[in-house]
Amino acid sequence: MRKIIAAGNWKMNGSRDMTASLIGEIRAGLSRDCRGEVLICPAFGYLAQAAELIEGSKIQLGAQNISTEKSGAHTGEMSGDMLVDLGCSHVLVGHSERRAMYGDTSDLVAAKFEAAQRVGLIPVLCVGETLEEREADTTETVVGAQLQTVIDRVGVDALESSVLAYEPVWAIGTGKTATPDQAQQVHAFLRRTIVAQNAKIADSLRILYGGSVNGGNAAELFAMPDVDGGLVGGASLKSDQFLDICAAT
Ligand code: PGA
């Protein structure tokens, strides 16, 4: 049985006050029957504060981006070593907002995946198609290529210490969730792609769904055989919603 993950991507939201109250509420509300893993990914500036606030809880900490470089003259960047130093265990790579707005090509995403693993961070690799790509019936081609670029760089065995997230771009922040069947179809395709290269790793890899997950739809998504949790944006900023998603694990 793969353990379900509820992961919150806070994006560029928050303040010191919000970080304190949101983590406080999540900690207080996490019941013993939340059997899945819980991960939060605040913006860089709040990682240190968040790391202190989650101490002694089951909440894990992730960053939203990582540099491929180790240190030095890279103004504005954060290295993997720094993220580890700040208390992170995970890092998102290849989020569609970074692919669309910040030049994160599939090659760069693969390099970031590798940089994360080099320092022991677990990369959460995001893949997903746009609405035009879905309507042109190229979803599998697009997400397959995004995944394969990473496998070609690091080898399929490296997926063992990673998490995959399918996030259809048309469902992110739009309130338009993929149906459980739509999600299942793409998740099963991703898993089949990996089965062909290493069946054991394919079987244990967690594949999260992201795109307008909320407290009301999490349970039916997580009930699909190849959906192993959610990568949650908007609803992860509301403790009651996020706690409902955690309960659905
Ligand atoms: P959303 O964002 O839940 O607000 O759609 C998901 C994400 O971007 O990871």
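Anyway, here's the lowdown on the structure attached to this text. Predicted model only: the values in this text are computed from it and were never measured.

Notes on the packing of helix α7 (residues 139–154) against helix α8 (residues 180–195)
Phase 1 of the analysis: Two elements in contact, α7 and α8, have axes separated by 10 Å at closest approach and are oriented at 45°. When the axis of α7 is compared with that of α8, the two are oblique. Here α7 runs over α8; the crossing is right-handed. Across the interface between the two elements, T139, E140, V143, G144, L147 and Q148 from α7 touch V186, F189, L190, R192, T193 and I194 from α8.
Phase 2 of the analysis: Of the residues in the contact of α7 with α8, the class split is six nonpolar, four polar and two charged.

Some thoughts on the sheet that holds strand β6 (residues 163–166)
Phase 1 of the analysis: One closed barrel holds the eight strands; their spatial order is β1-β2-β3-β4-β5-β6-β7-β8, and the pairing between them is parallel. Between one strand axis and the next, the sheet turns through 25° on average, direction left out of account.
Phase 2 of the analysis: As judged from the four bridges shared by strand β4 (residues 90–93) and strand β5 (residues 122–127), these two strands associate in the parallel manner. Within β5, the position partnered with V91 by the bridge is P123.
Phase 3 of the analysis: With respect to the sheet, helix α5 (residues 106–118) is in contact with β4 and β5, its orientation differing from that of β5 by roughly 160°.
Phase 4 of the analysis: Across the sheet, α7 lies against β5 and β6, angled at about 155° from β5, the strand it touches most.

Regarding the packing of aromatic side chains
Phase 1 of the analysis: Here the structure, examined in full by the defined rule, presents one aromatic pair.
Phase 2 of the analysis: Taking the centre distance of 6.3 Å and the plane angle of 55° together, the rings of Y166 and Y209 count as tilted. Residue Y166 is found in strand β6, and its partner Y209 is found in strand β7 (residues 207–210); the two are separated by 43 residues along the sequence.
Phase 3 of the analysis: Y209 sits in the buried class, given a relative accessible area of 1%.

Calculation notes
Per chain, residues are indexed from 1 in the order of the written sequence. Only residues with pLDDT of at least 70 get local features here, since the model is predicted, and only at 80 or more are side-chain atom pairs given and counted; chain-wide, interface and lining totals rely on the full set of residues. Side-chain numbers come from the whole structure's heavy atoms, not from hydrogens or water. Axis angles are defined between N-to-C directions and span 0 to 180 degrees, where every axis is a line fitted to C-alpha atoms and, for a helix, only to the segment in contact. Counting from the N terminus, the helices are the DSSP runs of H or I reaching at least four residues and the strands are the DSSP runs of E reaching at least two. Angle categories are assigned with fixed cut-offs, so that under 35 degrees is roughly parallel, over 145 is roughly antiparallel, 65 to 115 is roughly perpendicular, and the rest are oblique. Crossing handedness is read from the near helix: turned anticlockwise from the far helix by less than a right angle, it gives a left-handed crossing, and turned clockwise, a right-handed one. Whether two residues are in contact is decided by their heavy atoms, any of which lying within 4.5 Å being enough. When residues are grouped by polarity, Ala, Val, Leu, Ile, Met, Phe, Trp, Tyr, Cys and Pro land in nonpolar, Asp, Glu, Lys and Arg in charged, and all others, Gly among them, in polar. Here a strand pair is declared whenever DSSP counts at least two bridges between the two strands. Only the six-membered ring of Trp is used, alongside the rings of Phe and Tyr, when aromatic pairs are assigned; centres must lie within 6.5 Å, and planes under 30 degrees apart are stacked while those over 60 apart are edge-to-face, with the rest tilted. Only protein chains enter the accessibility calculation, which uses a 1.4 Å probe; a residue whose area is less than 20% of its type maximum is buried, one above 50% is exposed, and one in between is partly exposed.

Everything listed here is a matter of geometry and, on its own, says nothing about what the molecule does.
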